[in-house]
Amino acid sequence: MSRTIKDYLILGAKGMAMGAADVVPGVSGGTIAFISGIYEELLSSISAINIGLLKILKKEGVTEAWRQLNGNFLLSLLIGIFVSVLSLAKVISWLLIHQPILLWSFFFGLVLASIIYIAKQLTKWDGLSIVLATIGAVLAYYITTLNPLVSENSSLFFLFLSGALAICAMILPGISGSFILVLLGAYKPILSAVNDKNLRVIAVVGIGAVVGLLSFSRVLKWLFSHYKNYTLAVLTGFILGSLNKIWPWKKILTYRTNSHGEQVPFNELSVSPFSYEGNPQLLYAIVLGVVGFGCILLLEKIAVKKQ
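For every chain, the first residue of its written sequence is number 1, and the numbers climb from 1 along that sequence. Reporting of local features is limited, given that this is a predicted model, to residues whose pLDDT is at least 70; pairs of side-chain atoms are given and counted only at 80 or more, and all residues count toward the totals for whole chains, interfaces and linings. Only hydrogens and water are removed before side-chain values are computed, so all heavy atoms of the structure are retained for them.

Participant: Explain the overall build of the protein chain to me, and be specific about the residues and the numbers.
Facilitator: Helix and strand labels come from DSSP, where a helix needs a run of H or I of at least four residues and a strand needs a run of E of at least two; each type is numbered from the N terminus. Check the secondary structure of the protein chain and you find 15 helices and 2 strands. Contacts between residues were defined by any pair of non-hydrogen atoms, one from each residue, lying within 4.5 Å. For the protein chain, the share of sequence-separated contacts (at least 6 apart) that also reach a separation of at least 24 residues comes to 76%. Values of accessible area rely on a 1.4 Å probe in the Shrake-Rupley scheme; residue burial ignores everything except the protein chains shown. Carbon and sulfur atoms form 69% of the exposed surface of the protein chain, whose accessible area is close to 16500 Å².

Participant: A description of the nonpolar core should follow, citing residues and the corresponding values.
Facilitator: Counting residues in hydrophobic clusters, the biggest one holds 53 residues, and the most contacted among them are Phe34 and Leu42. If one sorts the elements of this core by residue count, helix H8 (residues 100–119) sits on top with 10 residues. With sequence-adjacent residues up to four places away left out, Leu42 is seen in contact with Met18, Ala33, Phe73, Leu74 and Leu77. Among the nonpolar cores identified, the runner-up in size contains 9 residues, and Ala186, Ala193, Val201 and Val205 belong to it. Think of a nonpolar core as a cluster: buried Ala, Val, Leu, Ile, Met, Phe, Trp, Tyr and Cys residues, connected wherever their side-chain atoms sit within 4.5 Å. Residue exposure (1.4 Å probe, protein chains only): buried if accessible area is under 20% of the type maximum, exposed if over 50%, otherwise partly exposed.

Participant: Tell me about the environment of Tyr117, and name the residues and values.
Facilitator: With respect to the element layout, Tyr117 can be found in helix H8. Assessed through its relative accessible area of 12%, Tyr117 is described here as buried. Sequence separation of Tyr117 and Ile35 is 82 residues, and the distance between their C-alpha atoms is 7.2 Å.

Participant: Which residues make up helix H3 (residues 39–47), and what are the values?
Facilitator: In terms of burial, H3 is largely enclosed, as 7 of its 9 residues are buried. Those residues of H3 lying buried are Tyr39, Glu41, Leu42, Leu43, Ser45, Ile46 and Ser47.

Participant: A description of the environment of Asn50 should follow, citing residues and the corresponding values.
Facilitator: Inspection of the secondary structure assignment puts Asn50 in the loop between H3 and helix H4 (51–60). As a C-alpha pair, Asn50 and Leu214 span 164 residues in sequence and 8.3 Å in three-dimensional space. Any pair of nitrogen or oxygen atoms within 3.5 Å is treated as a polar contact; in protein, a donor-acceptor pairing is required on top of that, and neighbouring residues in sequence qualify only through side-chain atoms on both sides. Of the polar contacts made by the side chain of Asn50, one reaches the backbone nitrogen of Leu53; its length is 3.0 Å.

Participant: Quick one: what's the story with the pattern of salt bridges, residue by residue and with numbers?
Facilitator: The rule for a salt bridge is simple: a side-chain nitrogen of Lys or Arg has to be within 4 Å of a carboxyl oxygen of Asp or Glu. Scanning the model with the defined rule gives 3 salt bridges in all. Its salt-bridge partner being Glu41, residue Arg3 comes within 2.6 Å of it at the nearest N-O pair. Note that Arg3 is positioned in the segment before helix H1 (5–23) and Glu41 in helix H3, a separation of 38 residues in sequence. The pair Arg3 / Glu41 is uniform in exposure class, with both members buried. Salt-bridge contacts for Glu40 lead to Lys228; the nearest nitrogen and oxygen are separated by 3.0 Å. Taken together, the residues span a long stretch of sequence, with Glu40 in helix H3 and Lys228 in helix H14 (residues 228–242) at a distance of 188 residues. For Glu40, a relative accessible area of 37% corresponds to the partly exposed category. Residue classification places Lys228 among the partly exposed residues on the basis of a relative accessible area of 38%.

Participant: Can you lay out helix H11 (residues 177–184) for me, pointing to particular residues and giving the numbers?
Facilitator: H11 sits mainly inside the fold: 7 of its 8 residues count as buried. Residues of H11 that are buried: Gly177, Ser178, Phe179, Ile180, Leu181, Val182 and Leu183. The positive-phi residue at the C-terminal boundary of H11 is Gly185, with phi of around 80 degrees.

Participant: Can you lay out a nonpolar patch on the surface for me, pointing to particular residues and giving the numbers?
Facilitator: Judged by side-chain polarity, Ile51, Leu54, Leu57, Val62, Trp66, Leu75, Ile79, Phe82, Val83 and Leu86 come together as a nonpolar surface patch covering roughly 980 Å² of accessible area. Sorting the residues of the nonpolar patch by element identifies H4, helix H5 (62–69) and helix H6 (71–86) as the ones contributing at least two each. Ranked by residue count, the leading element in the nonpolar patch is H6, at 5 residues. The patches reported here contain residues having more than 30% relative accessible area and no salt bridge. Joining distances are 9 Å for like charges and 5 Å for nonpolar side chains (Val, Leu, Ile, Met, Phe, Trp, Tyr).

Okay, structure coming up:
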């Protein structure tokens, strides 16, 4: 695939959006990748990292190995994600604490429109597709209602598995990786390891993430290759069920302390804006929800024009 510098800049912007979304415990970077039209290429590129790539590197050199890897594509995304973590992520973290309703409203509109976008990719809705979408929705909703584990497990094997599961969630549209870490009770130990520069724990979690990413991406790629319609049905349902997690109006049940020593919501219950304790900011929330919804419609129009 031949791309121009402008194309790579756009890819970098998509990477920034993915990075910003992954900061929010409830929005998956995989969702952003899907609605921005790069999901399947991302899976294929990650799946290309295997033993065969090392053989190509040895026999044909770095240039051919980089081409097989789709290196320019991955590098553009990674740069965008990195820039986002250093800049946009700080803004989003601030909004999560000081303007949560407005932030969640924007993402709710965005994700709601993405459900319609993904559902339209199905070639047909048959009985099995509806059943799979329903199962996906029920499963995702159930996950969003789970209470985080009170006890924390700092064993290296557990942290390895946590890293693998979190990265799988990160590339799966719907639930975010950070939310999975919170559910497992692994969020604090990993955050502490990063803050304390505990290289042993960071390496174990990193290896788990790499193993999870390389294996799960292959599973998803195979499913898209052989059962694309049914896979899209499951993803549609999964994202629909995950909307409960990003519903703007919440009753906070418990708090946790973040990396800056601030108290942030930990366990929450979705409530009606009319029974919300405090200012529901309903008008602004609706406006931002419509803006988020409109962003997806705009992306879809741009994608259609390029075809």
